[in-house]
Amino acid sequence: MTAVAIRSAGPPDTAGIARLLEACFPEPLEARLVERLRIGDDMVYEAVAGDDTGSLGYVGFCRLVLEGEKDIHAVALAPLAVRADRRRAGIGQALVETGHRVLRENGVDLVTVLGEPDYYTRFGFSAEAAKAFRTPWDGPCMQALPLTDRAGAAAGHLTYPAAFGELG
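Residues numbered from 1 in each chain as written. Predicted model: local features only at pLDDT ≥ 70, side-chain atom pairs only at ≥ 80, totals over all residues. Heavy atoms only, no water.

A.B. asks: I would appreciate a short explanation of the nonpolar core in the present structure.
C.D. replies: In a soluble, globular protein the nonpolar side chains are often hidden away together inside. Leu-21, Leu-37, Tyr-58, Phe-133, Leu-158, Tyr-160 and Phe-164 are the most contacted members of the largest nonpolar core, which totals 30 residues. For this core, the elements supplying multiple residues, two or more each, are helix H1 (14-24), helix H2 (29-39), strand S2 (43-51), strand S3 (54-66), strand S4 (74-82), strand S7 (142-146) and helix H7 (162-166). Sequence-distant contacts of Leu-37, that is, excluding residues within four places in its chain, are made with Asp-42, Met-43, Cys-62, Ala-78, Pro-161, Ala-163 and Phe-164. Membership of the second largest hydrophobic core comes to 23 residues, among which are Leu-56, Leu-80, Leu-103 and Phe-123. (Core = buried A, V, L, I, M, F, W, Y, C linked by side-chain atoms within 4.5 Å. Buried < 20%, exposed > 50% of the residue type's maximum accessible area, 1.4 Å probe, protein only. Helix = DSSP H or I, 4+ residues; strand = E, 2+ residues; numbered from the N terminus. Contact = heavy atoms within 4.5 Å.)

A.B. asks: Help me out: how do you make sense of the pairing of S2 in this one?
C.D. replies: A regular strand places its side chains on the two faces of the sheet in alternate fashion. The buried count for S2 comes to eight of nine residues, which makes it a mostly enclosed element. Summarising the sheet, strand S1 (residues 5-8) and S2 pair through four bridges and their orientation is antiparallel. Paired with Ser-8 across the two strands is Ala-47, which belongs to S2. Here eight bridges tie S2 to S3, and the two strands are oriented antiparallel to one another. Along S3, the bridge assignment pairs Met-43 with Cys-62. (Pairing = 2+ DSSP bridges.)

A.B. asks: Is there a simple way to explain the packing of aromatic side chains in this structure?
C.D. replies: Describing an aromatic ring pair means giving the distance of the ring centres and the angle of the ring planes. Counted according to the given criterion, the structure contains eight aromatic pairs. Here the aromatic cluster, defined as three or more aromatic residues joined through ring pairs, consists of Tyr-119, Tyr-120, Phe-123 and Phe-125. (Phe/Tyr/Trp six-rings, centres within 6.5 Å; stacked < 30°, edge-to-face > 60°.)

A.B. asks: What is the right way to look at the side chain of Thr-98 in this model?
C.D. replies: Relative to the assigned elements, Thr-98 resides in helix H3 (residues 91-105). Apart from the residues lying within four places of it in its own chain, the contact partners of Thr-98 are Ile-6 and Tyr-45.

A.B. asks: Explain the environment of Leu-21 here, please?
C.D. replies: Following the sequence through the fold, Leu-21 ends up in helix H1. Separated by 97 residues in sequence, Leu-21 and Asp-118 have C-alpha atoms that sit 22 Å apart. Ignoring sequence-local partners within four residues, the contact set of Leu-21 consists of Glu-30, Ala-31, Val-34, Tyr-58, Pro-79 and Ala-81.

A.B. asks: Would you mind showing me how to read the pairing of S3 here?
C.D. replies: Here S2 folds back onto S3, and the loop between the two strands holds two residues. As paired strands, S3 and S4 are joined by seven bridges and run antiparallel to one another. From the neighbouring strand, Val-59 faces S4, where its bridge partner is Leu-80. When S3 meets strand S8 (residues 156-159), the two strands line up antiparallel, connected through two bridges. The partner of Val-65 across the bridge, within S8, is Thr-159.

A.B. asks: Just checking my understanding: could you explain the state of the cysteines for this structure?
C.D. replies: Covalent bonding between the sulfur atoms of two cysteines is what defines a disulfide. Tallied over the entire structure, the rule returns zero disulfides. There is no disulfide at Cys-62, and the cysteine sulfur nearest it, in Cys-141, is 17 Å away. Judged by relative accessible area, Cys-62 falls into the buried class, the value being 0%. (Disulfide = S-S within 2.5 Å.)

A.B. asks: Would you explain the packing of H1 against H2 in this entry?
C.D. replies: Packed helices, taken two at a time, are described by the angle their axes make and the gap between the axes. Closest axis-to-axis distance for the H1/H2 pair is 8 Å, and the angle between their directions is 145°. Packed against H1, whose contacting residues are Thr-14, Ile-17, Ala-18, Leu-21 and Glu-22, the element H2 presents Glu-30, Ala-31, Val-34 and Arg-38 at the interface. Tallied by class, the residues present in the contact of H1 with H2 amount to five nonpolar, one polar and three charged. (Axes fitted to C-alpha atoms, helices over the stretch in contact; angles between N-to-C directions. Nonpolar A, V, L, I, M, F, W, Y, C, P; charged D, E, K, R; others polar.)

Structure (structure tokens):
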């Protein structure tokens, strides 16, 4: 087995990412969401994990708007997927950590995720930090991670891209 490489995703990865998302989730909603986010130019960063056997994982981060806070750059982690036969091997962790590093380097202040708290708290996400924000999905699975000190004091309504509403 060769080493897993994490890299930015590009147009040649589109079909492989769609296949991976369709294989990892019970319905094709995530694949359609990613496609709609790209069409709306709402994806801020996408990364793929792969080796000589092909695509093993994917993470995407899309743009959010924090109403009233023009200087806070926020994104949502949506989605994260790892091929079933390669889960629990650190691929998801590598994708998320790479994403956070790239986002910090590019001036992003805040990341949110709607996901399993037992998984995402290992990256510093917390439901407590998310309580400062209003989203359509408020609750214990909505979590936030400030990447900068500025984000730690931010609060308000987070607006998600139209693609989230288009899926019904």
